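These are the residues of each chain, in order.
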Amino acid sequence: MEFTAKQIAEMIGGRVEGNENAAVSSFAKIEEGREGAISFLSNPKYTHFLYDTKSSIVLVNDDLELEHPVGATLIRVKNAYEAVARLLQLYEQMKPRKTGIDPTASIAASATIGKDVYIGAFAVIGEGTVIGDGTQIYPHTVVGDGVKVGEKCLIYPNVTIYQGCRLGNRITIHAGSVIGADGFGFAPNTEGYDKIPQIGIVIIEDDVEIGANTCVDRSTMGQTVIHRGVKLDNLIQVAHNCEIGENTVMSAQVGLAGSTKIGSWCMVGGQAGFAGHIQVADKTFVGAQCGVISNTKGNGEQLIGSPAMDPRQFFKSMAVVRKLPDIYKELNELKKQVAELSSK
C-alpha cells in the first residue's frame, strides 16, 4: 500500500515540511534510503545521513535544526523513534493473517478451538486444551494437555507449551521457545540425585512477548509467573517459581535462578545473571553481564558489574584494577627493601 506524507502525518500527529504529496510504500534505514521509502532520524550520530538520504520521507524530532537543505520531505514529530514504532505496528496489522486449520495438524477431540484460529501443519493440540479466538499457531508447535491459550496470540513454529500452562491474550512466542519444562530440582543422596517432581505451572499474562529459544520453567509447586507487558529477548532462562513484574524488559541471554522475584518496569541488559531467592525492586536498571546476588534497594537503583554494585563504585574499583600490575610491582620492591633492612 502507498501513503502520502500528509496521510502519514495525520496518523501520527506530525507536521509536514516539504512535499505533502510525497508517497511511500516501504521502510528503509536512513543510511540505506531509497525512493519510495520512509526513514527516521532519532540518534544524533546519524544526522549527517539526512542530507544525502534517497528516502522520500524522513521522520525527525520537532527540535531538529537543519544545517543544510534536505531533499527528502520531513515529518516533524515529538519523538521520531516512537512515531516510527507506531507506523511499523500499523504496517504489521495490515499484513494478511493466516487462517484455517491444516489437515496435517493433530487436534485432540476434547480440545476447544475458538473462532478465526490458524493452526499450521503438523502442530499438535492436546487433550482438554483451549485455544482462544484469533490465535495463530504455526507449524510443528506442540500445545500440551490442559493448556489454556487466550485470544489473538501468535505462537511461531516449533514452540512447545507443556501441560497445564496458562497464557493470556495477545501473547507472542517466537520460534523454539519452551514454556513449562521441568524446573531444575534434584535432591542429592548417597548414590546420586533424586528428581523432585515439578507439579506447578507457568502463567503468562496479557501482552507479553517472548523471544526465540527462551525457556520458562514450570514451578515446583504453585506458579512461575510472567506478568502483563513483559518483553523477553532470545535465549533467556527463567527458572522455576520465578516472577517477573509488569512491563519489565530483558535482553538476550539473561538467566534467573529459582524463586527470583523481579519487580515491575525493570530493565535488564544482556547476559545478566540473578541468584536464586532474591527480590529485585521495581524500576531497577541492571547492566549487561551484571551479577545480582542479593536483594536490591529500589528507588530506581542502577547496577553494573559482578557482583552487582553502584556504577560510581564500579568505576572507582576498575580504576584501581587497572593499576594493580604497577601496585604489585611496587609491593615487591618494598618487600625487597624491607628484607634488606631487616637483614642489617
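Keep in mind that this is a model prediction, so the values were computed, not measured.

## Re the packing of aromatic side chains
Enumeration over the complete set of coordinates arrives at seven aromatic pairs. Note on Tyr118 and Tyr138: the rings are 5.5 Å apart at their centroids and 80° apart in plane angle, and the pair reads as edge-to-face. Here Tyr118 is found in strand β11 (residues 118-119), whereas its partner Tyr138 is found in the loop between β14 (136-137) and β15 (142-143), with 20 residues between them in sequence. Grouping aromatic residues by their ring pairs yields a cluster made of Tyr118, Tyr138 and Tyr156.

## A short note on the pattern of salt bridges
For the coordinates displayed, the defined rule picks out twelve salt bridges. Here Asp62 makes a salt bridge to Arg15, at a shortest N to O gap of 3.9 Å. Here the residue Asp62 occupies a position in the loop between β6 (57-61) and β7 (73-77), and Arg15 occupies one in strand β2 (residues 15-17), the gap between them amounting to 47 residues. Salt bridges linked by common partners bring Arg15, Glu17, Asp62 and Arg76 together as one network.

## Observations regarding the sheet that holds strand β9 (residues 106-107)
Two modes of strand pairing occur in sheets, parallel and antiparallel, and in both the strands are linked by backbone hydrogen bonds. As summarised here, the arrangement of the ten strands in space is β9-β12-β15-β18-β21-β26-β29-β32-β35-β38, forming an open sheet in which the pairing is parallel. Each edge of the open sheet is held by one strand with a lone partner, namely β9 and β38 (291-292). Pairing geometry for strand β32 (residues 255-256) and strand β35 (residues 273-274), over two bridges, is parallel. Residue pairing across strands places Leu256 opposite Phe274, the latter belonging to β35.

## Overview of the environment of Glu127
Turning to its location among the elements, Glu127 is positioned in the loop between β12 (124-125) and β13 (130-131). Separated by 178 residues in the primary sequence, Glu127 and Gly305 have C-alpha atoms spaced 47 Å apart. Apart from the residues lying within four places of it in its own chain, the contact partners of Glu127 are Ala108, Ser110, Asp145 and Gly146.

## Thoughts on helix α2 (residues 80-94)
With 15 residues, α2 ought to run about 21 Å at 1.5 Å a step, and its terminal C-alpha atoms sit 21 Å apart, in line with that. Every buried residue of α2 is listed here: Ala80, Ala83, Val84 and Leu87. Across the axial projection of α2, the buried residues extend over an arc of 95°, all falling on one side. Relative to its buried face, α2 has exposed residues pointing more than 90 degrees away, namely Tyr81, Glu82 and Gln93. Where the residues of α2 are buried, they touch α1 (5-12), β4 (26-27), β5 (37-40), β6 and β7.

Thresholds applied
Residues numbered from 1 in each chain as written. Predicted model: local features only at pLDDT ≥ 70, side-chain atom pairs only at ≥ 80, totals over all residues. Heavy atoms only, no water. Phe/Tyr/Trp six-rings, centres within 6.5 Å; stacked < 30°, edge-to-face > 60°. Helix = DSSP H or I, 4+ residues; strand = E, 2+ residues; numbered from the N terminus. Salt bridge = Lys/Arg side-chain N within 4 Å of Asp/Glu carboxyl O. Pairing = 2+ DSSP bridges. Contact = heavy atoms within 4.5 Å. Expected span 1.5 Å × (residues − 1). Buried < 20%, exposed > 50% of the residue type's maximum accessible area, 1.4 Å probe, protein only. Arc of directions from axis to C-beta.

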